[in-house]
Amino acid sequence: MAAEMDEVFTVYKLIILYMLDRAEGDVTQAMVSSFLLESGYANFISLAESYGQLEKQGLVRDVLEGDKKFLRLTDAGRQALGFFGSRLNSGIRRQVDAWIVENGQQIREDREIRAVYEKMTSGVYEVRMSVKERDVTLLDVRISVPDAASAEHVAGQWNEKNTEIYQYLIEKLF
């Protein structure tokens, strides 16, 4: 029974590593979890255990930005996928590849449109909002607000209205 569970966790971990590799960058843990849960590959408990094992083994790194938790494939993770990736059957690979194509826009937006905030030593909160495209920063804005609730609100508004705000600035500045 223990050997079967180890094999199951190995498949979960390989799926996660394969997803991160195919996505060519960070992917939110929520997106990865959504795929694994909706596809019936994992449940919440096994998924949490898989994430913990991957991080403990140094195969992925958690990156927390604002309210989003991203998973980042490490060099060790890429190497492990190279060694053990053939154990992931072709049906699962095709399913992941199709999911990446279907969700590519959301994955890019999660990576390229960010709003994070932090409390400064002065007591105010600074909200940092950015838009990137292919690792080039197109816009980087910082706003100071009086409290955490305001910072959270501004970050949420940025996530909803960034395109509109970016277009407005471009029109007014050029």
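Given the structure is predicted, the values throughout are model-derived calculations rather than measurements.

A short note on the packing of helix 2 (residues 29-38) against helix 3 (residues 44-56)
Link 1 in the chain: Running from N to C, helix 2 and helix 3 point in directions that differ by 135°, and their axes come no closer than 11 Å. By the criterion of interaxial angle, the relationship of helix 2 to helix 3 is oblique. In the crossing of helix 2 with helix 3, the sense of the turn from one axis to the other is right-handed. Counting all contacts with helix 2, which are made through Gln29, Val32, Ser33, Leu36 and Leu37, the residues of helix 3 involved are Phe44, Leu47 and Tyr51.
Link 2 in the chain: Of the residues assigned to the contact of helix 2 with helix 3, the class counts are 6 nonpolar, 2 polar and no charged.

A word on the pairing of strand 5 (residues 125-133)
Link 1 in the chain: Sheet topology note: the strand 4 (residues 113-119)/strand 5 ladder contains 7 bridges and is antiparallel. What sits directly across from Ile113, in strand 5, is Val131.
Link 2 in the chain: Between strand 4 and strand 5, which pair antiparallel one after the other, the connecting turn spans 5 residues, and Gly123 there sits at a positive phi close to 100°.
Link 3 in the chain: The sheet contact formed by strand 5 and strand 6 (residues 136-145) spans 9 bridges and is antiparallel. By the bridge assignment for strand 6, Glu126 is matched with Ser144.
Link 4 in the chain: In this antiparallel pair of consecutive strands, strand 5 and strand 6, the connection spans 2 residues, and Arg134 shows a positive phi of 50°.

Describing the sheet that holds strand 6
Across a sheet, paired strands are connected by hydrogen bonds in the backbone, their directions being either parallel or antiparallel.
Link 1 in the chain: Across the sheet, 3 strands lie side by side as 4-5-6; this open sheet has antiparallel pairing. Edge positions in the open sheet fall to strand 4 and strand 6, since each of these has one partner strand only. Averaged over all neighbouring strand pairs, the angle between strand axes comes to 15°, with direction disregarded.
Link 2 in the chain: Contacting strand 4 and strand 5, helix 5 (residues 90-112) runs over the sheet at an angle of about 35° to strand 4.
Link 3 in the chain: Across the sheet, helix 6 (residues 148-173) lies against strand 4, strand 5 and strand 6, angled at about 150° from strand 4, the strand it touches most.

Notes on the environment of Lys172
Link 1 in the chain: Secondary-structure assignment places Lys172 in helix 6.
Link 2 in the chain: Looking at Lys172, the relative accessible area reads 58%, which means it is exposed.

Looking at unusual backbone geometry
Link 1 in the chain: With a phi angle near 55°, Glu24 is a residue other than glycine that sits in the positive phi range.
Link 2 in the chain: On the secondary structure map, Glu24 appears in the loop between helix 1 (2-23) and strand 1 (27-28).

Structural notes on the pattern of salt bridges
Link 1 in the chain: Under the defined criterion, the tally for this structure stands at 7 salt bridges.
Link 2 in the chain: When the shortest N-O distance is used, the salt bridge between Asp21 and Arg78 registers 3.8 Å. Remark: Arg78 occurs in helix 4 (residues 75-84) and Asp21 occurs in helix 1; sequence separation between them is 57 residues.
Link 3 in the chain: Note on Asp21: relative accessible area 28%, which makes it partly exposed.
Link 4 in the chain: Note on Arg78: relative accessible area 42%, which makes it partly exposed.
Link 5 in the chain: Measuring nitrogen to oxygen at the nearest pair gives 2.7 Å for the salt bridge that ties Asp26 to Arg72. With Asp26 in the loop between helix 1 and strand 1 and Arg72 in strand 3 (residues 68-73), this residue pair connects regions lying 46 residues apart in the sequence.

What counts and how
- Residues numbered from 1 in each chain as written.
- Predicted model: local features only at pLDDT ≥ 70, side-chain atom pairs only at ≥ 80, totals over all residues.
- Heavy atoms only, no water.
- Axes fitted to C-alpha atoms, helices over the stretch in contact; angles between N-to-C directions.
- Helix = DSSP H or I, 4+ residues; strand = E, 2+ residues; numbered from the N terminus.
- Parallel < 35°, antiparallel > 145°, perpendicular 65-115°, else oblique.
- Left-handed = near helix turned anticlockwise from the far one by under 90°.
- Contact = heavy atoms within 4.5 Å.
- Nonpolar A, V, L, I, M, F, W, Y, C, P; charged D, E, K, R; others polar.
- Pairing = 2+ DSSP bridges.
- Buried < 20%, exposed > 50% of the residue type's maximum accessible area, 1.4 Å probe, protein only.
- Salt bridge = Lys/Arg side-chain N within 4 Å of Asp/Glu carboxyl O.

Treat this as a map of the structure, not an account of what it does.
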